[in-house]
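Observations on the model geometry
Below, each chain spelled out in residue letters.
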Amino acid sequence: MKIAPSILSADFAELKTEVKRVENAPYLHIDIMDGQFVDNLTFGPNVVKALRPHSSQVFDCHLMVINPEKYIKAFAQAGADIIGVHIEATAHIHRVLSQIKQAGVKAEVVINPGTPVAAIKEVLPLVDQVLVMTVDPGFGGQAFLSETVSKVKELAQLRLQAGLQFEIEVDGGVNADTIKTVTAAGADVAVAGSFVFGSDDPAKQVALLKELAQG
Ligand code: DX5
Ligand code: ZN
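No experiment lies behind these values; they were computed from the predicted model shown.

Topic: the coordination of the zinc ion (ligand 2)
- Protein ligation of the zinc ion (ligand 2) involves His29 (NE2), Asp31 (OD), His62 (ND1) and Asp171 (OD), the donor distances falling in the range 2.1 to 2.3 Å.
- Linear spacing of the donor residues for the zinc ion (ligand 2) on their chain is H-x1-D-x30-H-x108-D. Here Asp171 lies in strand E7 (residues 167-171) and Asp31 lies in strand E2 (residues 27-33), a separation of 140 residues in the sequence. You'll find Asp31 and Asp171 in the same group, each marked buried.

Shown next, in the form of structure tokens:
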């Protein structure tokens, strides 16, 4: 299991230091919110660009923005390694995912808790990663929605049947209890925000999640 600390729960006045505190995690999850797709505002490409020289982690940019096609180039140039776009945020998911790949970045499709796996079935051969939201997006610190777990299992099964290679990521409410559930369901990457940065020792929390996932 790869742990992806979400800087949404970090101290924004100390972002560079906060990123260094979780460098034992292979991924860094960066939540981009536009105040329209979700009721919150966070970072733009300039923040990704500013952090890039301070980390060698995989920058996993989760775009919670309407019409993500407008911003792909900017995030690719800023140093994103993975760009995730919500199926609910665009009428042209195939085009956006292709755009991401053309920019030399790994493409990810994201589904909200209310969206079935069937909605993304046609684009699965195109993607490097699928993100199953385990909370409704917008804020950190929300409770894990256990009814989303069956979608992780369904995706793991589909991947096997179709001989595909995409990784499965989960995001929202991941902590010392829920990490075991998502691991058992077949997730490869787990985002954790408040559980990691809500502690005095974020690196220890990352290590703990990894250890619990190993069983
Ligand atoms: C929510 C974000 C998450 C958030 C998770 O919309 O996509 O990445 O940071 O926070 P926790 O781990 O606190 O649920
Ligand atoms: Zn996220």
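Further notes follow.
Focus on the UniProt feature "binding site: substrate" (unreviewed entry) in the protein chain
- Mapped onto the present numbering, the UniProt feature "binding site: substrate" (unreviewed entry) falls on Ser6, His62, Gly138, Phe139, Gly140, Gly141, Asp171, Gly172, Gly173, Gly193 and Ser194. Of the annotated set, the members that line the largest pocket are Ser6, His62, Gly138, Phe139, Gly140, Gly141, Asp171, Gly172, Gly173, Gly193 and Ser194.
- Here Gly141 lies in the loop between strand E6 (129-133) and helix H5 (149-162).
- For Gly141, a relative accessible area of 60% translates into the label exposed.
- Along the chain, Gly193 turns up in the loop between strand E8 (189-192) and helix H7 (194-197).
- On the basis of relative accessible area, Gly193 is assigned to the buried category, the value being 15%.
- If we ignore the near neighbours within four places in the chain, the residues touching Gly193 are Ser6, Ser9 and Gly198.

Quick look at the sheet that holds E6
- Strand order across the open sheet formed by eight strands is E1-E8-E7-E6-E5-E4-E3-E2, with parallel pairing between neighbours. The strands lining the two open edges of the sheet, one partner per strand, are strand E1 (2-5) and E2. Averaged over all adjacent pairs, the angle separating strand axes in this sheet is 25°, with direction ignored.
- Both strand E4 (residues 82-86) and strand E5 (residues 106-111) contribute to a ladder of five bridges, which runs parallel.

Focus on the pattern of salt bridges
- Applying the stated criterion to the full structure yields five salt bridges.
- Note that Arg21 is salt-bridged to Glu18, the shortest N-O span being 2.6 Å. Residue Arg21 and its partner Glu18 are both found in helix H1 (residues 15-21); the two are separated by three residues, about one turn of the helix.
- Its salt-bridge partner being Arg52, residue Asp81 comes within 2.9 Å of it at the nearest N-O pair. In this pair, Asp81 is assigned in the loop between helix H3 (72-78) and E4 and Arg52 in the loop between helix H2 (45-51) and strand E3 (58-64), connecting sequence segments 29 residues apart.

Regarding helix H8 (residues 202-214)
- Across its 13 residues, H8 extends 19 Å between first and last C-alpha, which sits within 8% of the 18 Å expected from 1.5 Å per residue.
- Among the residues of H8, Pro202, Gln205, Val206, Leu209 and Ala213 are the ones counted as buried. On an axial view of H8, the arc spanned by its buried residues comes to 105°, and they lie on one face. In H8, the exposed residues that point more than 90 degrees away from the buried face are Lys204, Glu211 and Gln214.
- If you follow the buried residues of H8, they end up packed against E1, H1, helix H6 (178-185), E8 and H7.
- In the segment just after H8, Gly215 is the residue with positive phi, at about 85°.

Focus on the UniProt feature "binding site: a divalent metal cation" (unreviewed entry) in the protein chain
- Annotation from UniProt places "binding site: a divalent metal cation" (unreviewed entry) at His29, Asp31, His62 and Asp171. In three dimensions, the annotated residues from a span of 143 residues occupy one location, with a maximal C-alpha spread of 10.5 Å. Narrowing the list just given to those that line the largest pocket leaves Asp31, His62 and Asp171.
- Assessed through its relative accessible area of 4%, Asp31 is described here as buried.

Considerations on unusual backbone geometry
- Even without being a glycine, Asn67 presents a positive backbone phi close to 50°.
- Relative to the helices and strands, Asn67 resides in the loop between E3 and H3.
- Overall, the relative accessible area of 29% leaves Asn67 in the partly exposed class.

Rules and cut-offs
Residues numbered from 1 in each chain as written. Chains lettered and ligands numbered in written order. Predicted model: local features only at pLDDT ≥ 70, side-chain atom pairs only at ≥ 80, totals over all residues. Heavy atoms only, no water. Donors = N, O, S within 2.8 Å, 3.2 Å for Na, K, Ca; no water. Helix = DSSP H or I, 4+ residues; strand = E, 2+ residues; numbered from the N terminus. Buried < 20%, exposed > 50% of the residue type's maximum accessible area, 1.4 Å probe, protein only. UniProt positions renumbered as here; feature names shortened; annotations may be inferred. 1 Å grid on protein atoms, 1.4 Å probe; cavity = no way out; pocket = protein on both sides within 12 Å on 5 of 7 lines; lining within 4 Å. Contact = heavy atoms within 4.5 Å. Pairing = 2+ DSSP bridges. Axes fitted to C-alpha atoms, helices over the stretch in contact; angles between N-to-C directions. Salt bridge = Lys/Arg side-chain N within 4 Å of Asp/Glu carboxyl O. Expected span 1.5 Å × (residues − 1). Arc of directions from axis to C-beta.

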